[in-house]
Amino acid sequence: MIHDKMFSQREGLSHMNIEKRTESLNAVRKQNKVPGVLFGKSITPVSIQIDALELAEAFRQNGKTQTFAVKLGRETHQVYIKNLQKDAVNRNLILNVELLKVDKGDMIVAKIPIHILGRDVIEKEGWLVQVVADDVEVEYEAGKGIQRVDVDIRRMHVREVLHVADIVFPEGIKVLDEGTKALVHIAEHRIVEEPVAETAVSTEAPAPEPAAPKEEA
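Calculation criteria
- Residues numbered from 1 in each chain as written.
- Predicted model: local features only at pLDDT ≥ 70, side-chain atom pairs only at ≥ 80, totals over all residues.
- Heavy atoms only, no water.
- Helix = DSSP H or I, 4+ residues; strand = E, 2+ residues; numbered from the N terminus.
- Contact = heavy atoms within 4.5 Å.
- Pairing = 2+ DSSP bridges.
- Buried < 20%, exposed > 50% of the residue type's maximum accessible area, 1.4 Å probe, protein only.

Asker: How do you make sense of the environment of Val161 when you look at a structure like this?
Answerer: With respect to the secondary-structure elements, Val161 resides in strand S11 (residues 161-163). When the C-alpha positions of Val161 and Ala182 are compared, they lie 6.7 Å apart, and in sequence the two are 21 residues distant. Excluding its chain neighbours within four sequence positions, the residues that come into contact with Val161 are Met156, Asp166, Ala182, Val184 and His185.

Asker: I'm lost on the pairing of strand S13 (residues 182-188) in this one. Help?
Answerer: Side-chain direction in a regular strand flips from residue to residue, so the side chains alternate between the two faces of the sheet. Pairing of strand S8 (residues 127-131) with S13 involves 5 bridges; the strand directions are antiparallel. Bridge pairing links Trp127 to Glu188 in S13. As paired strands, S11 and S13 are joined by 3 bridges and run antiparallel to one another. Bridge pairing in S13 places Leu162 opposite Val184.

Asker: Any chance you could explain the sheet that holds strand S10 (residues 149-152) here in plain terms?
Answerer: Strand pairing within a sheet occurs via backbone hydrogen bonds; the two strands may be parallel or antiparallel. Taken in spatial order, the 4 strands make up an open sheet running S10-S7-S9-S12, and their pairing is mixed. Where the open sheet ends on each side, the last strands, each with one partner, are S10 and strand S12 (174-175). Pairing geometry for strand S7 (residues 107-117) and strand S9 (residues 135-141), over 7 bridges, is antiparallel. The residue of S9 that forms the bridge with Pro113 is Asp135.

Asker: Hey, could you run me through the environment of Ile116 in this one?
Answerer: Relative to the helices and strands, Ile116 is located in strand S7. Look past the residues within four positions of Ile116 in its chain and what remains in contact with it is Val131, Val151, Ile153 and Val184.

Asker: Just checking my understanding: could you explain unusual backbone geometry for this structure?
Answerer: Trans peptide bonds make up most of the peptide bonds, and negative phi angles are found at most residues other than glycine. Positive phi, normally seen in glycine, also occurs at Asn32, with a value near 60°. On the secondary structure map, Asn32 appears in the loop between helix H1 (25-30) and strand S2 (33-40). A residue is classified by how much of its surface remains accessible, and Asn32, at 43% relative accessible area, is partly exposed. Unusually for a residue other than glycine, Arg159 sits at a positive phi of about 70°. With a relative accessible area of 57%, Arg159 lands in the exposed category.

Geometry only, nothing functional implied.
Right, dumping it as structure tokens:
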């Protein structure tokens, strides 16, 4: 699990720069920047723009569950990515982003992605790993999130199901999904080839057909 530690960092560490957007969406994107909005209960919504590469790196490190610092003008805010829109064809192209400003003590509701470990071990046995759900909805205080939860399935057996209740989350994270929600199912997928019945082949020449009787004159 990758833990959220942004609120415990000392002042002076790196942050992501954002700017107020004053141009059209197309003009911003032509500059290799991503348009978006910064909002929250303690701030008036602001139209912003962010360097595309910096945003992609922030998303890679924090996902949509962990907080990180952004600087707008002279002010620094703690935010997390509430929503991120990608191009339908080029999934590496970010079209729009929503950053939600949070304060210490705020509660965040998010879906933590499931990261499966040991899939290759199960598949080598000839079984099929069926991912029923790939995230778990949780609630936690801002600054205490995790980017993902690792699930080791190497000891699971065929026809066994992993449920939400089987996962241990760090202290401070409240699970909102039902404990009976299925996440992973190990299904039987062995292909048993049935033996092909051998057909006896005769090496003898076929008997000649009887000659047709001659008609009388």
